[in-house]
Amino acid sequence: ASQNGKVYIVVLPVSPIYAQEFLTPPVLQKFENSLAKVQSSIPQSRWVRIDELSGLTSNDHFWDLVHMNATGQRIATNALLTRVKELDRLP
C-alpha cells in the first residue's frame, strides 16, 4: 500500500465492559507487542490510536461489546479526522 501513497493504520476501541472481561494484562501485552511488530515492519505508516481516546471510556458509547453507537462514532470520527490532519502536516 505504501507504494501507492500514505498508509494509515487505525486502531479502534472496544467497549469498557469488553475490555474488563477479556483484555487481561497478558492479552493486552500481546496486542501491544503485535502492534509494535507491525509498526516496525512498516515504519512509514501513520498510526491513529482511537482505542486510547479518553472520550470513549463509557459503555454508553457502544451498541454492543465492540460496535460504537452514533455518539461513539461521532467522537471517534472527529478524533480520526483531527489526527489525520495533524499527520498530514508531517514530512
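The following paragraphs examine the structure supplied in this document. (Residues numbered from 1 in each chain as written. Predicted model: local features only at pLDDT ≥ 70, side-chain atom pairs only at ≥ 80, totals over all residues. Heavy atoms only, no water.)

**Some remarks on the nonpolar core**
Working step 1: Of all hydrophobic cores here, the largest spans seven residues; its members are Val 48, Ile 50, Leu 56, Phe 62, Met 68, Ala 76 and Leu 87.
Working step 2: Aside from chain neighbours lying at most four places away, what touches Met 68 is Leu 12, Pro 13, Leu 56, His 61, Phe 62, Trp 63, Gln 73 and Ala 76.
Working step 3: Core analysis: the second largest hydrophobic core is formed by five residues, Val 7, Ile 9, Val 11 and Leu 35 among them. (Core = buried A, V, L, I, M, F, W, Y, C linked by side-chain atoms within 4.5 Å. Buried < 20%, exposed > 50% of the residue type's maximum accessible area, 1.4 Å probe, protein only. Contact = heavy atoms within 4.5 Å.)

**Some words on the pattern of salt bridges**
Side chains carrying opposite charge are able to pair once their charged atoms draw close together.
Working step 1: In the structure shown here, the tally under the stated rule is five salt bridges.
Working step 2: Between Glu 32 and Arg 49 there is a salt bridge, with its nearest N and O atoms 2.8 Å apart. Pair noted here: Glu 32 is in helix H2 (residues 25-41) and Arg 49 is in strand S2 (residues 46-49), with a separation of 17 residues, a long-range link.
Working step 3: Looking at Glu 32, the relative accessible area reads 33%, which means it is partly exposed.
Working step 4: Arg 49 gets classed as partly exposed once you look at its relative accessible area, which sits at 21%.
Working step 5: Between Asp 51 and Arg 49 there is a salt bridge whose closest N-O contact spans 2.7 Å.
Working step 6: The exposure class of Asp 51 is partly exposed, given its relative accessible area of 25%.
Working step 7: It is possible to trace a salt-bridge network through shared partners that takes in Glu 32, Arg 49, Asp 51 and Glu 52. (Salt bridge = Lys/Arg side-chain N within 4 Å of Asp/Glu carboxyl O. Helix = DSSP H or I, 4+ residues; strand = E, 2+ residues; numbered from the N terminus.)

The quantities given are spatial measurements derived from coordinates; they are silent on function.
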